[in-house]
Amino acid sequence: MSSTHTGAEAPAAPAAPVAFRELLPSPGGRDVDLAAAYAYPADLDRPWVRANMVASADGGAVGPSGRSRDLSSVPDRRIMGALRALCDVVLVGAATARVEGYGPVRVRRAWEGLRAGRARTPAVAVVSRSLDLPADLLTGAPPDARTLVFTTDGSPERRRREVAEHADLVVVEGASVTPAHVVDGLAERGLHRVLTEGGPHLLAEFVAAGLLDELCLTLSPHLLGPGSPRIVAGGAQAPGAPESASAQSTPVRMAHLLEAEGSLFARYVRG
Ligand SMILES: NC(=O)c1ccc[n+]([C@@H]2O[C@H](COP(=O)([O-])OP(=O)(O)OC[C@H]3O[C@@H](n4cnc5c(N)ncnc54)[C@H](OP(=O)(O)O)[C@@H]3O)[C@@H](O)[C@H]2O)c1
């Protein structure tokens, strides 16, 4: 298993025992069934976009290593493994793919039952203007879970041709791939159980577009201080709002709160 929150997960390492305690909605519950606790809504007829992110106790998303690995832990990686096994597609921004060294996702043997009737591994979808992507992410994906790349018509043409040799390439007109483009592209392919693993810039675009359905947030017992970005970055402010104000406030409901080894695992669902 990778030591990062977001990188590819190795399949063979023996799983360390982890006890998750449910704090909400039923305090004291132990031995939480992660597959049940994080099941996607049944019978989805459109993509459901779930994010899985980790933050420090003071709200930082990137540690001294420049990655989120400083915040991760055995229980956090256990939940990440379950979420990956449950999803149809893992969606990331290209910077996260580069920094975290993304390759094709692998699913632990313990979770293989969750893949019944689907490809053995979820596909990875990546959003990029530059098409500067890790080679293994393009060439290493299995044929039934090819990597899906969303880019704009302003991306380098030669790179588009190279990427299209190995991956499914979706080229949209204009300066940006919008979250709606991504959701439509995934819907066309029947990829309804979406797991985005960030990064903060891509996640901010989904929040701003009102297209994030769920946030799975690990609160990690660390303090990172003011130098670290939050789990959302960039984005617009409300016109005329004070400099520190947000452009929006979307209510979410806490579906559950788990604890293991001092980390909290909250599942928030929109509306
Ligand atoms: N705490 C956590 O849970 C967590 C999770 C993930 C990542 N991270 C950390 O966050 C950092 C990376 O995240 P980030 O926010 O900087 O970047 P990011 O959101 O992962 O990726 C940004 C990149 O995605 C592409 N992109 C995003 N929106 C686009 C759009 N609308 N149209 C076309 N392309 C678009 C562009 O790629 P190109 O540059 O290729 O054009 C852009 O530079 C790393 O340090 C990583 O370790 C933390």
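Residues numbered from 1 in each chain as written. Predicted model: local features only at pLDDT ≥ 70, side-chain atom pairs only at ≥ 80, totals over all residues. Heavy atoms only, no water.

Peer 1: What's the story with the overall build of the protein chain in this structure? I'm lost.
Peer 2: Scanning the protein chain for helices and strands turns up seven helices and 11 strands. For 271 residues, the compact-globule formula gives about 18 Å, and the C-alpha radius of gyration of the protein chain, at 18 Å, lands near that figure. A burial count over the protein chain gives 49% of its 271 residues as buried. The contacts of the protein chain with a sequence gap of at least 6 include a subset with a gap of at least 24, amounting to 72%. Of the roughly 12,500 Å² of accessible surface on the protein chain, a fraction of 53% belongs to carbon and sulfur atoms. Across the protein chain, the centroid of the 28 positively charged side chains sits 3 Å from that of the 30 negatively charged ones. (Helix = DSSP H or I, 4+ residues; strand = E, 2+ residues; numbered from the N terminus. Rg over C-alpha atoms; globule rule 2.2 N^0.38 Å. Buried < 20%, exposed > 50% of the residue type's maximum accessible area, 1.4 Å probe, protein only. Contact = heavy atoms within 4.5 Å. Areas by Shrake-Rupley, 256 points an atom, 1.4 Å probe, with all protein chains shown as cover. Lys, Arg positive; Asp, Glu negative; His and termini not counted. Charge placed at Lys NZ, Arg CZ, Asp CG, Glu CD.)

Peer 1: Please explain the site of the ligand as it appears in this structure.
Peer 2: Around the ligand sit 28 residues, and of these T96, E100, S128, S130 and E205 come closest. Separating an oxygen atom of the ligand from a backbone N or O atom of R129 is a distance of 2.8 Å. Between H201 and the ligand, the recorded distance is 2.7 Å, taken from a backbone N or O atom to an oxygen atom. Among the cavities detected, the one that contains the ligand is the second largest pocket. Residue assignment for the shell around the ligand shows that the elements contributing at least two residues are strand 3 (48–56), helix 3 (94–99) and helix 7 (200–208). If one sorts the elements of the shell around the ligand by residue count, helix 3 sits on top with five residues. Taken together, the residues that form the shell around the ligand break down as 11 nonpolar, 11 polar and six charged. (Near = heavy atom within 4 Å. Polar contact = N/O pair within 3.5 Å; in protein donor to acceptor, adjacent residues only side chain to side chain. 1 Å grid on protein atoms, 1.4 Å probe; cavity = no way out; pocket = protein on both sides within 12 Å on 5 of 7 lines; lining within 4 Å. Sits in = over half its atoms within 2 Å of the grid points. Nonpolar A, V, L, I, M, F, W, Y, C, P; charged D, E, K, R; others polar.)

Peer 1: Is there a simple way to explain the nonpolar core in this structure?
Peer 2: When a protein is soluble and globular, its nonpolar side chains tend to lie buried together. Core analysis: the largest hydrophobic core is formed by 38 residues, its most contacted members being F20, L34, Y38, I79, V126, V149 and L258. At the level of secondary structure, the elements contributing two or more residues to this core comprise helix 1 (34–37), helix 2 (74–86), strand 4 (89–93), helix 3, strand 5 (123–127), helix 4 (135–139), strand 10 (252–260) and strand 11 (263–270). Examining the composition of this core, we find that five residues originate from one element, helix 2, more than from any other. In this structure Y38 touches R50, I79, L83, L86, C216, H256, L258, F265 and R267, once residues within four positions along its chain are discounted. If you look at the next biggest cluster of nonpolar residues, it comprises 29 residues, including V49, V183, F206 and L217. (Core = buried A, V, L, I, M, F, W, Y, C linked by side-chain atoms within 4.5 Å.)

Peer 1: Please explain the packing of aromatic side chains as it appears in this structure.
Peer 2: To describe a pair of aromatic rings, one takes the distance between the centres and the angle between the planes. According to the stated counting rule, one finds one aromatic pair in the structure shown. Taken together, a centroid distance of 5.6 Å and an interplanar angle of 70° make the contact between F20 and F265 edge-to-face. Of this pair, F20 sits in the segment before strand 1 (21–24) while F265 sits in strand 11; the two residues are 245 residues apart in sequence, bridging distant segments of the chain. Relative accessible area serves as the criterion here: at 4%, F20 is assigned to the buried category. (Phe/Tyr/Trp six-rings, centres within 6.5 Å; stacked < 30°, edge-to-face > 60°.)

Peer 1: Help me understand the layout of surface pockets, please; the structure alone is not making it clear to me.
Peer 2: Over the atoms, a rolled probe matching the size of one water molecule traces out where space is still vacant. If you add up the space inside the largest pocket, you get close to 820 Å³. Lining the largest pocket we find 32 residues, and of these V207, R230, V232, S246 and Q248 sit closest to its centre. Mapped onto the lining of the largest pocket, the elements with two or more residues apiece are helix 7, strand 9 (214–220) and strand 11. With four residues, the single largest contributor to the lining of the largest pocket is helix 7. Classifying every residue of the lining of the largest pocket gives 17 nonpolar, 10 polar and five charged. Taken as a whole, the second largest pocket holds about 610 Å³ of empty space. If you go around the second largest pocket, you meet 34 residues; those closest to its centre are G93, A95, T96, G199 and H201. When residues of the lining of the second largest pocket are traced back to their parent elements, those giving at least two are strand 3, helix 3 and helix 7. A total of five residues in the lining of the second largest pocket trace back to one element, the largest contributor, which is helix 3. (Points joined across faces, edges and corners; volume = space filled by probe spheres on them.)

Peer 1: How do you make sense of the pairing of strand 4 when you look at a structure like this?
Peer 2: Across a regular strand the side chains alternate sides, sitting on one face of the sheet and then on the other. Summarising burial for strand 4: five of the five residues are buried, a large majority. Judged by which residues are buried, strand 4 turns out to be covered on both faces: V89, L91 and G93 on one side and V90 and V92 on the other are all buried. In this sheet, strand 5 lies alongside strand 4 in parallel orientation, the contact comprising five bridges. When the bridges of strand 5 are listed, V92 appears paired with V126. Inspection of the sheet shows strand 4 paired to strand 8 (residues 193–196) by three bridges, in the parallel sense. In the strand pairing of strand 8, V90 is matched with L195. (Pairing = 2+ DSSP bridges.)

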